[in-house]
Amino acid sequence: MAKNTVKQDEKFTITGKRELISRLFTYMVPYRNEVTIVLTLMVLVMVVGLINPYFTRQAIDVYIRNEDMKGLALVAGIMAGLNILAMAASRARIYKMGIVSNKIVLSMREDLYAHIQKLSFSFFDSRPVGKILARVVGDVNALQTLFSNSVTSFLPHILQLAMVTVMMFILNYKLALATMAVMPLLGGAMFMIEAKARPRWQEFRSKRSNLNAFTHESFAGVRVIQGFATEDDSRKTHDSMVTEMMKSFMSAIFLNDFFWPLVESSWGIGSCVVYFVGVNLVFAGDISLGTLIAFTMYVSMFWRPVMNISNFYNTLITNFASAERIFEILDINPDIESSEKALEMKRINGSVEFRNVDFSYEDGIPVLTDVSFKVEAGESIALVGETGAGKTTIVNLLSRFYDTDSGDVLIDGTDIRTVTLESLRSQMGIMLQDTFLFAATIRENIRYGKLDAADEEIERAARAVNAHDFIMKLENGYDTEIRERGSRLSVGQRQLISFARALLADPRILILDEATSNIDTQTERLVQDGIKKLLKNRTSFVIAHRLSTIRDCDRIMVINGGVITESGTHEELLAMKGDYYSLYMSQYRFLSEGA
Ligand SMILES: Nc1ncnc2c1ncn2[C@@H]1O[C@H](COP(=O)(O)OP(=O)(O)OP(=O)(O)O)[C@@H](O)[C@H]1O
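Residues numbered from 1 in each chain as written. Predicted model: local features only at pLDDT ≥ 70, side-chain atom pairs only at ≥ 80, totals over all residues. Heavy atoms only, no water.

Worth spelling out the cut-off: UniProt positions are given in the numbering used here, feature names are shortened, and annotations may be inferred rather than shown by experiment.
An unreviewed UniProt entry lists the protein under the name ATP-binding cassette subfamily B protein, with Youngiibacter multivorans as the source organism. The UniProt entry for the protein carries the following comment under Subcellular location (unreviewed entry): "Cell membrane".

## Some points on the sheet that holds strand β6 (residues 428-431)
Strand pairing within a sheet occurs via backbone hydrogen bonds; the two strands may be parallel or antiparallel. We apply this condition: Whether two strands pair comes down to DSSP finding at least two bridges between them. Helix and strand assignments come from DSSP, with helices taken as H or I runs of at least 4 residues and strands as E runs of at least 2, each series counted from the N terminus. Orientation is described by axes fitted as lines to C-alpha atoms, over the contacting stretch for helices, and by angles from 0 to 180 degrees between their N-to-C directions. Should any heavy atoms of two residues lie within 4.5 Å, those residues are considered in contact.
A sheet is described by the order of its strands in space; here 6 strands give the open sequence β6-β7-β8-β3-β9-β10, paired in mixed fashion. The sheet is open, and its two edges are formed by β6 and β10 (563-568), each paired on a single side. When the angles between neighbouring strand axes are averaged without regard to direction, this sheet yields 15 degrees. Bridge count for β6 against strand β7 (residues 509-513) is 4 bridges, and the pairing is parallel. Bridging across to β7, Met 431 finds its partner in Leu 512. Its contacts with the sheet put helix α21 (residues 579-586) on β3 (380-385), β9 (555-560) and β10, and the angle it makes with β9 is roughly 90 degrees.

## Some thoughts on the packing of helix α1 (residues 17-26) against helix α11 (residues 289-330)
Here is the rule: Every angle not falling under 35 degrees, over 145, or within 65 to 115 is termed oblique; those three ranges are roughly parallel, roughly antiparallel and roughly perpendicular. Side-chain classes are defined by residue name, with Ala, Val, Leu, Ile, Met, Phe, Trp, Tyr, Cys and Pro counting as nonpolar, Asp, Glu, Lys and Arg as charged, and the others, Gly among them, as polar.
Taken N-terminus to C-terminus, the directions of α1 and α11 make an angle of 75 degrees; their axes are 10 Å apart at the nearest point. Relative to α11, the element α1 is oriented roughly perpendicular. Seen from α1, the contacting residues are Lys 17, Leu 20, Ile 21, Arg 23 and Leu 24; seen from α11, they are Tyr 313, Leu 316, Phe 320, Ala 323, Glu 324, Phe 327 and Leu 330. Classifying every residue of the contact of α1 with α11 gives 9 nonpolar, no polar and 3 charged.

## A look at the pairing of strand β2 (residues 365-375)
Both strand β1 (residues 352-362) and β2 contribute to a ladder of 7 bridges, which runs antiparallel. Counted as the bridge partner of Glu 353 is Lys 374 from β2.

Right under this line is the structure:
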């Protein structure tokens, strides 16, 4: 997947208009009943509008000319009644359409969210989170107007246009043709604007997405920015991105601004042509004055939908880019998914085997080469090696966050590609260095390990990993809100909570990327003790940074340059005087046994 960075515009392709519209249309299909009601209400309003001129002509040519006041009052009464009915229908239509367009956007947002959640790590590697957010939030919002306009403006106005056109031809075909004389010119001009405007709108959305990603990144990293006093630098980057976004917006809107004058002047020119032809026809005795007046009413009824359809077309052009950006994501298939024939993985014992595994994140840059090893169920393995050696990659493959390029990963002798992701991952506990806690209570954060756990189980898990005492000291105990990412807790406390969460999940295989943070000695002791309890009776892979953890593990595997070079106990490996010995001499030797 092509990589994209914060300041880099996303690449885009212009999708066929018809394809895009029909795809957007499919979102309306589930609401066809509601849409039908809306359209029926609109037709009612339209019919009333359409017969108004007929009544007017009747009133002028028949009742006023014959001074028939009774007849005139009757026509006026009927017209008033119908128009009140039309007003009520119009109100109901707006209300109903508001609900439908909101529901459509909601289902699109749900689809997108559910789809993105299934996407593989490689998708998230390929672009900043802020850009994904921009699509889920900003681009979907943009489509709401499009959907509500399409039903309230486009479909009814097309209908209205067709009906008015028929009425005009019935009334007088010469005047009808005169009205339409300017249409080809208007249509041509609009298509030209569209062709130029679409790439500009795409550019604007990309720039806005860049800004979103930058803002997201800089707020997430605000501690680093303030810590290094680089606020000015950040602000300058932000301002220049805002300027770029504004420029791209101005360039796109410049074209769209041509729409209104274009339609209005076509309306004006079209009306002049009608008057010119109409007056000549009246003088020639071809039509009555009432017919001309009635016709001029149709002329404005003809141009109003044209205006609205053009406006909709304008919105469409503006928002095509958003639709393209949403569909682009919906079209990405997860690299990693359960195969159709995948089976449920039964409760595992936890033996693991890597067989001749080759892997690279990016083509041509191998990270693991021909890695093979076997781990017995219940064995604890410390993975050690220089930074960038491939330790995290091994555990990423074991959890099937990525697939191997070649070779197999087996658990209890079963190739992990043949079982469902859910049944595989639900038996694994993964704890990363950067403990992720949600903005919720401590109880809810621990319960994440087992969603149906009772409060007692949660407490038992917390006690087992020594988290209970500090939790009870917080103002609301287990119900204390810990804010986003647990920012109100110390690093050690966050780790203890994540241990409780993992213990509650009771995975058969545990993956622990041990944090190297400097925490006070007392918490450190609690954390070490917590780790020991977690590792007990389960297969575990620890990317170890503490000498104490390394020694507590049953076996140490040394990774160097994407290859496992040594495997054995601390003493055995030291005696070999190989890679582990060098690592020990350069790194671990300086760490006290307790840290
Ligand atoms: N998502 C990724 N996309 C591209 N390359 C990656 C990605 N993740 C890791 N790498 C590269 O793969 C190599 C192995 O990385 P890995 O994270 O497995 O190392 P590690 O041994 O766990 O390092 P550390 O101890 O620093 O965490 C490194 O060269 C790294 O730059």
